[in-house]
Amino acid sequence: MVTILTGLAINSDEDSERTPPISFRQILATLFEQTAAGVPVPGIIPAPGTPLLVSGKPSAMEYLVKAGWAVTTRTGQGAYIVGSLTDITLTATPAHATLNRIDRIYIVQPDPELTESGLARIDVATGTPSGSPVAPSIPAGALELGRKSITSGSTNTQQGSPYSNLAPFTRLNLGPILAASITDQQNIDAGKINGKRITSNNTGIAPASPAVGDLWADWS
């Protein structure tokens, strides 16, 4: 016998038999696109609107972050799902008079079991003004939502170069849909447009042996 992590959601008088947080996170990770078993792809969870989009304010030194949720991770810990139901406004440090800097906006869920402190938060890491500015570090396990180069003398967070390093989206782990698994005529017909077959994948590679007129949708 080989024991494995306790599944969802087990309670017991014995501590060792209860579902520990790491089991929750690793099982949650399987619901999302993964790089390996239980290792989720970090990113923003798709939702209506522009979840966790970072932008500037034309009249103030403030960053605006839209409401939304994200998957973050760190080695062996599964999926941390963290986010905000409301839009967030972050106050930015005033620009230096003569030097540029780089700011990074991020979301993070600290884990006390990993000796991390603090609350889940959306925050900004303010770079050091310099003639050759570099991006500041962000906390362990954080997901960078966006990056902004603040030029000297700036009076708001919208002017200057566009926001960069915007966080990617993660995806639900839907797995492949095989033709052999579609048995009813309604679903077979739903996979056609004007009688032409539709193939959908996220590999960037065209399907093998397409017929003339077949359609291919790639969402990678």
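No experiment lies behind these values; they were computed from the predicted model shown. Per chain, residue numbering runs from 1 following the sequence as it is written. Predicted model: local features are reported for residues with pLDDT of at least 70 only, side-chain atom pairs are reported and counted for 80 or more only, and whole-chain, interface and lining totals are derived from all residues. The basis for every side-chain value is the complete set of non-hydrogen atoms in the structure, without hydrogens or water.

Turning our eyes to something else, we now look at the side chain of lysine 148. Elements are defined by DSSP. Helices are runs of H or I of four residues or more, strands are runs of E of two residues or more, and each kind is numbered from the N terminus. Considering the arrangement of structural elements, one finds lysine 148 in strand β11 (residues 143–150). Three exposure classes are used, based on accessible area relative to the maximum for each residue type with a 1.4 Å probe and protein chains only: buried under 20%, partly exposed in between, and exposed over 50%. Lys and Arg are tallied as positive, Asp and Glu as negative. Neither His nor the chain termini are counted. Throughout this description, the term salt bridge denotes a Lys or Arg side-chain nitrogen within 4 Å of a carboxyl oxygen of Asp or Glu. Among buried charged residues, lysine 148 stands out as having no salt bridge; its nearest opposite-charge side chain is aspartate 103, 9.7 Å away. As used in this structure description, the phrase polar contact means that two N or O atoms lie within 3.5 Å; if the pair is within protein, one of them must be able to donate a hydrogen and the other to accept it, and residues adjacent in sequence are counted only when both atoms belong to side chains. Within the structure, the side chain of lysine 148 is placed 2.9 Å from the backbone oxygen of glutamine 159, a separation counted as a polar contact. Here serine 161 takes part through its backbone oxygen, which lies 2.4 Å from a polar atom of the side chain of lysine 148. Only heavy atoms enter the contact rule, under which two residues are in contact if any of them lie within 4.5 Å. Apart from the residues lying within four places of it in its own chain, the contact partners of lysine 148 are Tyr63, Arg101, Ile102, Asp103, Thr157, Gln158, Gln159, Gly160, Ser161 and Tyr163.

As a further point, take the nonpolar core. Leu52, Tyr63, Val65, Ile105, Ile107, Ile122 and Leu145 are the most contacted members of the largest nonpolar core, which totals 19 residues. When contributions to this core are tallied by element, the ones reaching two or more residues are β5 (62–65), β9 (101–108), β10 (121–125) and β11. Counting residues per element, this core draws most heavily on β11, at three residues. Aside from chain neighbours lying at most four places away, what touches leucine 52 is Ile44, Val65, Lys66, Ala67, Gly68, Trp69, Ala70, Ile107, Ile122 and Leu145. Side-chain atoms within 4.5 Å are what join buried Ala, Val, Leu, Ile, Met, Phe, Trp, Tyr and Cys residues into a set we call a nonpolar core. Grouped together as the second largest cluster of nonpolar side chains are five residues, Ala29, Phe32, Ile45 and Val71 included.

Counting across every chain of the model gives eight salt bridges. With a shortest N-O distance of 3.5 Å, arginine 171 and glutamate 33 are connected by a salt bridge. Taken as a pair, arginine 171 in the loop between β11 and α2 (185–190) and glutamate 33 in the loop between α1 (21–29) and β1 (34–36) lie far apart in primary sequence, 138 residues in all. The partly exposed category is assigned to arginine 171, whose relative accessible area is 26%. Exposure remark for glutamate 33: the relative accessible area of 23% places this residue in the partly exposed category. Among the salt bridges present, the one from glutamate 144 reaches arginine 147, with a minimum N-O distance of 2.8 Å.

Residue position: serine 154 is located in the loop between β11 and α2. C-alpha of serine 154 to C-alpha of asparagine 100: the two residues are 54 residues apart in sequence and 9.2 Å apart in space. Not counting residues up to four positions away in its chain, the partners in contact with serine 154 are Met61, Ala95 and Gln159. In terms of polar contacts, serine 154 uses its side chain to reach the backbone carbonyl oxygen of threonine 151, at 2.7 Å.

For the rest of this paragraph, the subject is the environment of lysine 66. Along the polypeptide, lysine 66 turns up in the loop between β5 and β6 (68–72). Distance in space between the C-alpha atoms of lysine 66 and serine 84 is 8.4 Å, their sequence separation being 18 residues. The residues contacting lysine 66, other than those within four sequence positions of it, are Thr50, Pro51, Leu52, Leu53 and Asp87. Of the polar contacts made by the side chain of lysine 66, one reaches the side chain of aspartate 87; its length is 3.2 Å.

What follows covers α1. For α1, the full list of buried residues reads Ser23, Arg25 and Ala29. Buried residues of α1 fall within an arc of 165° about the axis and therefore sit on the same side. On its buried face, α1 is in contact with β1, β2 (39–40) and β7 (80–84). By definition, the arc is the one covered by directions from the helix axis to the C-beta atoms.

As far as function goes, none of this settles anything; it's purely spatial.
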